[in-house]
Amino acid sequence: MTFFHFGNCVALAYVPYVIVYKCSGLAEYSAFWKCVQAGGAYLFTQLCKMLLLATFFPSTETATGGLDITGEFLKSTVDIADLVGLHIVMSKFAGKGQLKFMIAGMGWATAELIVTRFLPLWMGARGVEFDWKYIQMSFDSNISLIHHISVAMLVWLYSRSDLQKSSLPIVVTLLGLACYRPLIVEILMQAVGLGSWMLLLAKAGFTSVVALISLQMYLSIPSQGSNSYY
């Protein structure tokens, strides 16, 4: 039973990444090592964020169970570094726009999956007792995959000169929401009192809306179907 539970969690967490890699065309372009490079850029970006937080935004004491809105806001503001990192990654790769943001988003999401969820799944999901939190963690990793690809697409769209000017405020707003999503999640947990499943559903809904809007704006670019270069 333990092995069955662990196998289900691993399959739910990792198989969608393999499917996206195979079906998105990345495999045809032999983009595996480029995705690894994007993952390395993710690790370097997180290290820079940690140093920045430790230097300029030291942790403050808060009451148990309380929410330090100012501290969380500053931490979420540092997440702008992720947008810069994604932009730099995509600027290093030559090719169609779809290939660029898929490589960046795929590498970013996979690195996050390995760093933040590999050990919890490996150590926890093999426990004697069944716990739904590891299933939720697997579903959350799939949401993160869509989230990172959508954010990479938005960063790519923001840098396009042929993007409709009416779409630019939407791109900026969505990028801002993406950066401050952890703060929004914390507020929902503290103020609204969402349960773990409802919170997961809210994340899925938010990510789906951002992804659909991003895809619509991507399809509105005339050159995206042919030689869409950065």
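Throughout, a residue's number is its position along its own chain's written sequence, starting from 1. Only residues with pLDDT of at least 70 get local features here, since the model is predicted, and only at 80 or more are side-chain atom pairs given and counted; chain-wide, interface and lining totals rely on the full set of residues. Side-chain numbers here rest on the full set of heavy atoms in the structure, without hydrogens or water.

- Under an unreviewed UniProt entry, the name given to the protein chain is BOS complex subunit TMEM147, and the source organism is Lymnaea stagnalis.
- Here the protein chain is described in UniProt, under the heading Sequence similarities (unreviewed entry), as follows: "Belongs to the TMEM147 family." UniProt positions are given in the numbering used here, feature names are shortened, and annotations may be inferred rather than shown by experiment.

## Observations regarding the packing of aromatic side chains
In step 1: Working definition: rings of Phe, Tyr and Trp (its six-membered ring) pair if their centres are within 6.5 Å, and the pair is stacked with planes under 30 degrees apart, edge-to-face with planes over 60 apart, and tilted otherwise. For the structure on display, the rule yields six aromatic pairs.
In step 2: The rings of F101, W156 and Y218 are connected pair by pair, giving a single aromatic cluster.

## With respect to the nonpolar core
In step 1: Grouping buried Ala, Val, Leu, Ile, Met, Phe, Trp, Tyr and Cys residues that are joined through side-chain atoms within 4.5 Å yields what is termed a nonpolar core. Only protein chains enter the area calculation, which uses a 1.4 Å probe; residues under 20% of their type maximum are buried, those over 50% are exposed, and those in between are partly exposed. By size, the foremost hydrophobic cluster in this structure holds 47 residues, and its most contacted members are L26, L86, F101, L154 and L157.
In step 2: Helix and strand assignments follow DSSP, with helices taken as H or I runs no shorter than four residues and strands as E runs no shorter than two, numbered in order from the N terminus. Counting residues per element, the ones that place at least two in this core are α1 (2-23), α2 (32-56), α4 (80-92), α5 (97-124), α6 (132-158), α7 (168-179) and α9 (196-219).
In step 3: If you tally residues by element for this core, the top one is α6, at twelve residues.
In step 4: Whether two residues touch is decided by their heavy atoms; if any such pair falls within 4.5 Å, the residues are in contact. Other than its neighbours up to four places away in sequence, L86 contacts A104, W108, V151, A152 and V155.

## Digging into the side chain of S214
In step 1: Considering the arrangement of structural elements, one finds S214 in helix α9.
In step 2: For S214, a relative accessible area of 0% gives the class buried.
In step 3: Definition of a polar contact: a pair of N or O atoms within 3.5 Å, with one able to donate and the other able to accept a hydrogen when the atoms are protein atoms, and with sequence-neighbouring residues admitted only if both atoms are side-chain atoms. From its side chain, S214 meets the backbone oxygen of V210 in a polar contact 2.7 Å long.
In step 4: Ignoring sequence-local partners within four residues, the contact set of S214 consists of S150, M153, L154, L157 and L174.

## Quick word on the packing of helix α3 (residues 69-78) against helix α8 (residues 181-192)
In step 1: Here an angle of 0 to 180 degrees is reported between the N-to-C directions of two axes, which are lines fitted to C-alpha atoms, with helices fitted over the stretch in contact. At a minimum axis separation of 8 Å, α3 and α8 run at an interaxial angle of 155 degrees. On the basis of their axis angle, the class for α3 and α8 is roughly antiparallel. Residues I69, E72, F73 and S76 of α3 lie in contact with α8, whose contacting residues are P182, L183 and E186.
In step 2: Each residue is assigned to one of three groups, with Ala, Val, Leu, Ile, Met, Phe, Trp, Tyr, Cys and Pro labelled nonpolar, Asp, Glu, Lys and Arg labelled charged, and all others, Gly among them, labelled polar. A per-class count over the contact of α3 with α8 returns four nonpolar, one polar and two charged. An angle below 35 degrees is read as roughly parallel, one above 145 as roughly antiparallel, one from 65 to 115 as roughly perpendicular, and any other as oblique.

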